[in-house]
Amino acid sequence: MTKNLRVKSSKFIDETYRISFEFNGIKYYGFKGDTLASALLANDIHLVGRSFKYHRPRGIMTAGSEEPNAIIQLHNNSSRTEPNVRATEVEIYEGLEASSQNCWPSVNFDISGINNFLSPIFPAGFYYKTFMWPASFWKKYEYFIRKAAGLGKSPTKPDPDIYEHKFVHCDVLVIGAGISGIMAAKTAAKNGLKTLLIDEKPYLGGSTIYQNSQHFKINNQISSSWLEKEINEIKKLKNLEIKTRTSVAAFHGYNFLLARESISDHLPIEQRKNKTRHKLLKIRAKKVITATGSIERPLVFNNNDRPGILLSSAIKKYADLFGVACGNKNILLTNNDSAYETAISLIQKGIKVEAIIDNREKIHSKLLYNVEKNNIKIFKGFTIVDTSGYKRINKISIMQLSKDGQKVIGSKINLSCDCLGISGGWTPAVHLFTQSGGKLTFREEDQVFIPNIYPSTQLSIGACNGDLTLDEIFTNVPKSLKEFLNIKNTDYENIEILSSTNKSKRNIWLLPSDKILGKTKPFVDYQNDATAKDIKLALREGFRSIEHVKRYTTTGMGTDQGKLGNMHALGIISETTGVKMNELGTTTFRPPYTPLTFGTIVGRNIGEYFDIFRKTPIHDWHVNNKAEFENVGQWKRAWYYPKKNENMHQAVQRESKAARESAGILDASTLGKIDIQGTDASEFLNRIYTNAWSKLAIGKCRYGLMLNEDGMVYDDGVTTRLGENHYIMTTTTGGAANVMGKLEDYLQTEWPELDVYLTSVTDHFATVSVCGPNSKKILSQVIPDLDLSDENFPHMSFKNAKISKINCRVMRISFTGEHSYEINIQANYGKSIWEKCMEAGKEFNITPYGTETMHLLRAEKGFIIVGQDTDATMTPIDLQMNWIVSKKKYDFIGKRSLYRSDTIREDRKQLVGLLTDNPNEVLEEGAQIVADINKSPIEMLGHVTSSYYSPNLKKSIALGVVRGGKNMMGQKLIIPMEKKNINVTVSDPVFLDKENKRLNA
Amino acid sequence: MFIINCPFCGEREQSEFKAGGEAHIVRPKQPTELSDDQWADYLFMRKNIKGIQFERWVHAHGCRKWFNIVRDTSNDEIKAVYKMGEKPPTE
Ligand SMILES: [Zn+2]
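Residues numbered from 1 in each chain as written. Chains lettered and ligands numbered in written order. Predicted model: local features only at pLDDT ≥ 70, side-chain atom pairs only at ≥ 80, totals over all residues. Heavy atoms only, no water.

Draft legend 1. How the structure looks around unusual backbone geometry. All names here are of chain A. For the bond running from Pro 591 to Pro 592, omega is -5°, close enough to zero to count as cis. As for its placement among the helices and strands, Pro 592 is situated in the loop between helix H15 (581–584) and helix H16 (598–602). Geometrically, the link from Ser 936 to Pro 937 is a cis peptide bond, its omega value of -5° lying close to zero. Checked against the element boundaries, Pro 937 lands in the loop between strand S46 (928–930) and strand S47 (940–950). Even without a glycine there, the phi angle at Asn 494 is positive, about 50°. (Helix = DSSP H or I, 4+ residues; strand = E, 2+ residues; numbered from the N terminus.)

Structure representation (structure tokens):
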């Protein structure tokens, strides 16, 4: 056991409830109400991690979500492990295991700590400058850099926790439950507005709730007691919902916000079972009130990063809220009055304050006089020039500041201490405001950015609006609330305030030292080890934009996004370059405000729910018959049906042969189907397809090609004329939704005069396709009443039919080149029709085939698949499909583009067939095609788009696009592969049955 | 995420809509009469304004109707919504 620094009981800590936890493998105790940081400090542990670049020892610095140093790993090596967690936010629970990050082998002895002594060779941009040359070496460097650096380890096992998403709507959202937020929530809810109040901490009341000083009073009551009563009152309000442990991650436009509600993180692991861990709230608020408070600024001086150096306000919070002393010999360094509030708290609790170093020279402050009364030495007009103590601060050196604050003068005084509190004044937490698009303005008096132009119906109040003291809050908040909420009165009129803060401040962005800057380490960004030196170096090297300096020095790019140091970085840039702060602006604050886990972001959309998929009505049959599936758009389609011991190749070869030799059956239900009706339906089709439609007789089918206005092939499919003014169009499986959208677009926006109505009926019909020489015999059993003779029912025609009283549409169309029928039937009969066909086809060895065989069969016939053999750069002419482009039609979508100077080029990539010299060699789809292998660089002519071994032709066949391929018939080309070059001959893309005899076989 | 006031359905989340680019670009009635340059101008040339922009949107996961909006692209404020065929607001 180490020392116990618990000083005086606090009502926020339950000392009867002891909790044990482990830190770096050692067991410690804390109490219910502690954070991991407060429990560690109570055990006199400051050193918790190592910095990112120099591996310097670092300690707990703050008491909130702005923490840059105390970043730890929870439950190492378990499925619940989580990196980069702020110890200042973790509420301890029985069995908590935490460990330091970014140190090896241990936090007390870190080998890379040597980087600290080598730091002159690690300036800003070091990694960019050194390891990027030669470029090919980066891979080797990266391995070592990542091992030595890197924050935390990501889990390797699946996350066992449950996460949820929830939509929330309210009239008023109040972010932050400090004194201003409480006032806002109460006012809104009491005026009948549905109000949501959220705060990231487990308790309400912000920093006022532990303000027990006689120097701050509201209506003659100590401010914390006054606020406590307010909190008890708002808990009874009907219109108000309160969520604690809820952190707003993002504030988007139109008052859309994302917040993470942490539900079980503070519970012992065994109590978390079946509980939701986090809820991601998607909030839409009519009005948003931001009351996010302010964050204390550190001060930038030489060696300002040692363990034992904390924000002054954090020392106060640890004492007042957690009853913990951060040290036994405390010194405070400040440029404003806040440090005296801390001193008064420490004095009240009997914690020793050795001295206060104040940058200011002449100060008339009630708080200061009160501290002085307690015989505490105050060094006015002094600053710290150096500190010492490797793993814990043990000494500071101070000197007097020159009049202009740019130099130190006089002699050096050394003071010993074990804890140093620093206060550089306060920075309004405007992160969410700027995320929402708000514009800031710079207030010169106290050097802060405050909200200026609001982008949506929102209001910033209290400290985040620059009202940093109690009297400012009570003067401004009620007034703004009345105006913003359109109400006449609040409960906060004529309230008597005692606020003892003197607002004077001596702002020096970079405090001077007796050493030259080059010999000092004044840290600006603790997490990323960026110093004032690095920023000045970046400026010397010519970087001017704040966004560039940020990236070059990595200032503000850690997991804390520079909540502490960003203002100093700006200040130093402004001072060095002479550009005013207001013109310089801030870097962009991006969501999330504090990091979110992936689990929270995905919620329930994991596993099979990650991406929803669509099933055909026949899906179960495919599953029961052991089909392998592939994803086509959102659909799961049967890919092939392997028999015992068959691999994919063997299954596809068997299926393809059966379809050509006897009969095959395919589930084509996924094809898009659009019902088109209206007196102008024929004219509409004329305008959207490349070929002519007016003369298509009722009961006939026609293949159509659809282009984009730029002349490139967009979709294809067969459309059937069902009646005078009635068509049914089929589209590709993946293109259905887009085609529907495109057609609607033209109908509504370009041709509103056309009488045409579109209805998507993809899901309403199941489609069973039966093909092969025996398909006719099978169909005659399934639909005995239908006359299947070529005279009555020729290729490319359609019949209405009945299968045991159920209406269906039968098309005689073919994508395989075989005699083939497509039965379309109301979706819920799909499976029974499929089974009927299987039954009737038994004697013909009817073989179910999947998409892979379908692709092979159509490739044998040279039929294209839009999206596989085409991309958005292929015209019908490139595809050698001139026959489908009407010369007579005056206009259709894309027509004009077919004779732009670019589209009529002869050397465009054109679709051709490719035959390998070795008939057993199957090309790889996507392989490059070249003519001359000796040329350097080798000129790429095109690529292979489809490739198969055809069991029916007993050779390898392929389709590809080749520059000028149309005129290369019979020419030899080369496919260079990793291990060999494959010789091919350009051929006609139709490999089988050029005369289409099989269609009527 | 915006809230868009569909002229047929009322206010809905942006996720129900799809953007369709610049509004009031009319497809030429006689494309064949146009030079390559004129056709290319219709096909490819779009303004990308920082400020007030007229845009086409469709209520894709709703009534499937196309309509126009006037949006300030600098702050995403939607100034007006109007149906296809209606005249754009002048102020
Ligand atoms: Zn709508």
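Draft legend 2. The arrangement of the interface of chain B and chain A in detail. The interface of chain B with chain A comprises 28 residues on the first partner and 29 residues on the second. Carbon and sulfur atoms make up 45% of the area that chain B and chain A hide from each other, which totals about 2,400 Å². Looking only at chain B, the three residues that lose the most surface to chain A are Met 1, Arg 27 and Arg 64 of chain B, adding up to 29% of its buried area. At the boundary of chain B with chain A, the tally comes to six salt bridges. Where Glu 709 of chain A meets Arg 27 of chain B, a salt bridge forms, and the shortest distance between an N and an O atom there is 2.5 Å. Looking at the side of chain B that touches chain A, the elements with two or more residues in it are helix H1 (36–44) and strand S6 (77–83) of chain B. The leading source of residues in the side of chain B that touches chain A is H1 of chain B, at five residues. In the side of chain B that touches chain A, the residues fall into 14 nonpolar, three polar and 11 charged. (Contact = heavy atoms within 4.5 Å. Buried area = accessible area lost by both parts, 1.4 Å probe. Salt bridge = Lys/Arg side-chain N within 4 Å of Asp/Glu carboxyl O. Nonpolar A, V, L, I, M, F, W, Y, C, P; charged D, E, K, R; others polar.)

Draft legend 3. Region of interest: the environment of Glu 361 of chain A. Looking at the element boundaries, Glu 361 of chain A is found in the loop between strand S19 (353–358) and helix H9 (366–373). Excluding residues within four positions of it along the chain, Glu 361 of chain A makes contact with Lys 380, Gly 381, Lys 403 and Arg 506 of chain A.

Draft legend 4. Quick peek at the coordination of the zinc ion. All names here are of chain B. Taken together, the protein donors to the zinc ion comprise Cys 6 (SG), Cys 9 (SG), His 59 (ND1) and Cys 63 (SG), at separations of 2.0 to 2.3 Å. Around the zinc ion, the four donor atoms are arranged such that angles at the metal cover 105 to 115°; this shape is classified as tetrahedral. Residue His 59 is classed as buried on the basis of its relative accessible area, which comes to 1%. Given the relative accessible area of 29%, Cys 63 is considered partly exposed. (Donors = N, O, S within 2.8 Å, 3.2 Å for Na, K, Ca; no water. Tetrahedral: all angles 85-135°; square planar, octahedral: opposite > 155°, others 65-115°. Buried < 20%, exposed > 50% of the residue type's maximum accessible area, 1.4 Å probe, protein only.)

Draft legend 5. View of the pairing of strand S24 (residues 419–423) of chain A. All names here are of chain A. Burial of S24 is extensive: five of the five residues sit out of reach of the surface. Where burial is concerned, the two faces of S24 agree: the one with Cys 419, Gly 421 and Ser 423 and the one with Leu 420 and Ile 422 are both buried. The sheet contact formed by strand S17 (residues 309–311) and S24 spans three bridges and is parallel. Across the sheet, the residue bridging to Leu 310 is Gly 421, located in S24. Note: strand S18 (residues 330–334) against S24, five bridges, orientation parallel. Across the sheet, residue Ile 331 finds its bridge partner in S24, namely Leu 420. (Pairing = 2+ DSSP bridges.)

Draft legend 6. Up close: the state of the cysteines. Residue and element names in this part refer to chain A. Summed over the entire model, instances satisfying the criterion amount to zero disulfides over all chains. Take Cys 808: it sits in no disulfide, and the sulfur closest to it among the cysteines is that of Cys 837, at 9.6 Å. Given the relative accessible area of 4%, Cys 808 is considered buried. (Disulfide = S-S within 2.5 Å.)

Draft legend 7. Just the packing of aromatic side chains, in detail. Residue and element names in this part refer to chain A. This model, assessed by the stated rule, comprises 23 aromatic pairs over all chains. With a centroid separation of 5.4 Å and 65° between ring planes, the pair formed by Trp 639 and Tyr 640 is classed as edge-to-face. Classification of Trp 639 as partly exposed rests on a relative accessible area of 25%. Judged by relative accessible area, Tyr 640 falls into the buried class, the value being 10%. Here the aromatic residues Trp 226, Phe 474 and Tyr 492 are joined through ring pairs into a cluster of three or more. The side chain of Arg 58 reaches across the aromatic face of Phe 523, ending 4.7 Å from its centre. Directly above the aromatic system of Tyr 593 lies the positively charged group of Lys 563, at a separation of 4.4 Å from the ring centroid. (Phe/Tyr/Trp six-rings, centres within 6.5 Å; stacked < 30°, edge-to-face > 60°. Lys NZ or Arg CZ within 6 Å of the ring centre and 35° of its normal.)

Draft legend 8. Structural context of the pattern of salt bridges. Residues and elements named next belong to chain A. Enumeration according to the criterion identifies 68 salt bridges over all chains in this entry. Of the charged contacts in the structure, one is a salt bridge between Asp 34 and Arg 6, with a shortest N-O distance of 2.6 Å. Taken as a pair, Asp 34 in the loop between strand S2 (26–32) and helix H1 (36–42) and Arg 6 in the segment before strand S1 (14–23) lie far apart in primary sequence, 28 residues in all. Residue class for Asp 34 comes out buried when judged on its relative accessible area of 1%. Sharing partners across several salt bridges, the network here consists of Lys 186, Lys 190, Glu 230, Glu 233 and Asp 491.

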